[in-house]
Amino acid sequence: MRIGIPRETLEDQPLVAATPDTVRKLRKLGYDVAVERGAGERASYLDAAYADAGAEIVGEEVWQSDIVTTLDTPPREMRERMLAGAVLISRMAPGRNPELIDELKEHRLTALAMDAVPRISRAQSMDVLSSMANIAGYRAVIEAASNFGRLFTGQVTAAGKVPPANVYVIGAGVAGLAAIGTANSMGAIVKATDLRPEAAEQVESMGAEFVPIEAKTEKSEDGYAKEMTADQAKAAAQLYSRQSAEADIVITTANIPGRKAPVLLTAADVQNMKPGSVIVDMAAANGGNCELTRPGEVYQTENGVTIVGHTDLAGRLPGQASQLYGQNIVNLMKLVTPQKNGVMMLDFEDTIVRGITVTFAHDGQADVLWPPPPVKVSAAPAPAPEAAPAPAEAPEAKKSHAGTIAAIIGGILGVALVLASPFQVAEQYMVLMLAIVVGYYVITSVTHSLHTPLMSETNAISGIILVGAILQVGSANIAVAILSFIAIVIASINIFGGFTVTHRMLSMFSREG
């Protein structure tokens, strides 16, 4: 089968659906690839690079390909050029475009909506919304910095002290977390709010302070924030008003799939903000989270607040955005090309395939498969069954009890070893006893997310133990020989196990091929 990559029809769309790198990967799956002349010029990908990657450079006959991939749904006149039974892969927003679904059925096309990928772990590599949101979140901070007119990071200089900027992010999805990370890396003090309670840990892991909404919230069942209840909306409005008045920069990211963006900042909220502050409305393309946002414009209000309403934040980094989108397409094609023979096979038993299929062409007709069955997924752990448990101890108390027990055991072992050993080595056993207690507190104080990187350190320690045990295993004292053998076995397990875990971790970050 042949995959066609046409030039995007919208003049303000600089992205392209494939890059030379992703063309190579598609060809490895057995597909022929045709690229329309000039398709990647606006993203700095020239025709020669596509040709070197094995693509055929063609004209408008690219629309006659078996599979056509674009960023956004092409206009009707372009879809009419496609072959009956062909496959169209693009962002379609099918929930907001019922008339598009009818046209796709009329033209007998199989349509796969890349913006309908279900938010499950297995589908993350195909989620174009996340890919574009990640870039947009980064770019939002850059746009804020360019309009802020002051430093993000605090400084102490001979001329005086400069305070850091205060950044407030509303919404901690992919875009929000990207904005938080970027602002934090630039030295700003960052706060964030999200309707989903499970987002608190993610926000704090990015170095920001989570500011919760003082209202009852429910966990997310599909990975997206839900529309707020009346109580939540009231509490959230008060929180947004208070935090925006204190912030230098406010970045809003709230979007409800298939719906107009909710208004989070009112005109009164903007009026209460400090002169010189900046609002970057990442939902401007869907109407905006700020009441005063003008989609596609950047302007300053009467009280000196700059509102950035760009609708193409990801498009302002076209090279990388195209690469990520193209890789999402490659990952989808890997799923539907299990034999790597260049033949697409749609398995509707697969949650991902079923979730993105809008229409399916077969036997000279097309069926509408939208909307798909709901897929429930939650980032929050399932609540424990309610029973009548004993009063729980505070974590600090538990850690204190465990430390006390460890200290007692270490003390008993230390005393026993001192009494059973020559006086000359008593000092060394005392060091061992203290090392047990100190080591316990050092390891338990490290967050679980860093335990895998600690493998390298523990491997080094186990190596020292292994060398020492090997030197003592031939001792004439049978007890020393037995303990040395046990130390060799345990240290070896730790070393080889540590290397295995580390290798698996590093393989997650290795490049393909």
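Above this text is the structure in question.
Right, let's walk through the structure included here. (Residues numbered from 1 in each chain as written. Predicted model: local features only at pLDDT ≥ 70, side-chain atom pairs only at ≥ 80, totals over all residues. Heavy atoms only, no water.)

Focus on the sheet that holds strand S9 (residues 166–170)
Part 1 of the reasoning: The mixed open sheet is built from seven strands, whose spatial order is S11-S10-S9-S12-S13-S15-S14. Both outer strands of the open sheet, strand S11 (209–210) and strand S14 (298–300), are each paired with one neighbouring strand and no more.
Part 2 of the reasoning: As judged from the three bridges shared by strand S13 (residues 278–281) and strand S15 (residues 306–308), these two strands associate in the parallel manner. Each bridged residue has a counterpart across the sheet, and for valine 278 the counterpart in S15 is threonine 306.
Part 3 of the reasoning: Its contacts with the sheet put helix H5 (residues 128–148) on strand S12 (249–252), S13, S14 and S15, and the angle it makes with S13 is roughly 155°. (Pairing = 2+ DSSP bridges. Helix = DSSP H or I, 4+ residues; strand = E, 2+ residues; numbered from the N terminus. Contact = heavy atoms within 4.5 Å. Axes fitted to C-alpha atoms, helices over the stretch in contact; angles between N-to-C directions.)

Observations regarding the packing of helix H1 (residues 20–28) against helix H10 (residues 318–336)
When two helices pack together, their arrangement is given by the angle between the helix axes and the distance between those axes.
Part 1 of the reasoning: One can describe the packing of H1 onto H10 by two numbers: an axis separation of 9 Å at closest approach and a directional angle of 10°. Between H1 and H10, the crossing angle belongs to the class labelled roughly parallel. Listed contacts from H10 to Asp21, Thr22, Lys25 and Leu26 of H1 are Gln323, Gly326, Gln327, Val330 and Met333.
Part 2 of the reasoning: Considered class by class, the residues forming the contact of H1 with H10 number three nonpolar, four polar and two charged. (Parallel < 35°, antiparallel > 145°, perpendicular 65-115°, else oblique. Nonpolar A, V, L, I, M, F, W, Y, C, P; charged D, E, K, R; others polar.)

Digging into unusual backbone geometry
Part 1 of the reasoning: Each neighbour pair has its own omega, and for tryptophan 370 with proline 371 the value is 0°, a cis peptide bond.
Part 2 of the reasoning: On the secondary structure map, proline 371 appears in the loop between strand S17 (365–368) and helix H12 (395–420).
Part 3 of the reasoning: Of note, serine 44 is a non-glycine position whose phi angle comes to about 70°, a positive value.
Part 4 of the reasoning: Topologically, serine 44 is positioned in the loop between strand S2 (32–36) and helix H2 (47–52).
Part 5 of the reasoning: Since its relative accessible area comes to 62%, serine 44 is described here as exposed.
Part 6 of the reasoning: One non-glycine residue, lysine 340, lies in the positive phi region at around 55°.
Part 7 of the reasoning: The residue lysine 340 is located in the loop between H10 and helix H11 (351–356) in this model. (Buried < 20%, exposed > 50% of the residue type's maximum accessible area, 1.4 Å probe, protein only.)

Description of the sheet that holds strand S1 (residues 2–5)
Part 1 of the reasoning: Spatial strand order, S3-S2-S1-S4-S5-S6-S16-S17: eight strands in an open sheet with mixed pairing. Two strands in the sheet have a free side with no partner beyond their single neighbour: strand S3 (56–58) and S17. Going across the sheet, the axis of each strand differs from the next one's by a mean of 25°, ignoring polarity.
Part 2 of the reasoning: Bridge count for S1 against strand S4 (residues 67–72) is two bridges, and the pairing is parallel. Bridge pairing in S4 links glycine 4 to valine 68.
Part 3 of the reasoning: Seen against the sheet, helix H4 (residues 98–106) touches strand S5 (87–91), strand S6 (110–113), strand S16 (357–362) and S17 and runs at an angle of roughly 15° to S16.

Considerations on H4
Part 1 of the reasoning: Inspection of H4 places Leu100, Ile101, Glu103 and Leu104 among the buried residues, and these make up the whole buried set. Around the axis of H4, the buried residues are gathered within 165° of arc, so they sit on the same side.
Part 2 of the reasoning: Where H4 is buried, its residues meet helix H3 (76–79), S5, S6, S16 and S17.
Part 3 of the reasoning: Count one or two residues on from H4 and you reach arginine 108, which has phi positive near 55°. (Arc of directions from axis to C-beta.)

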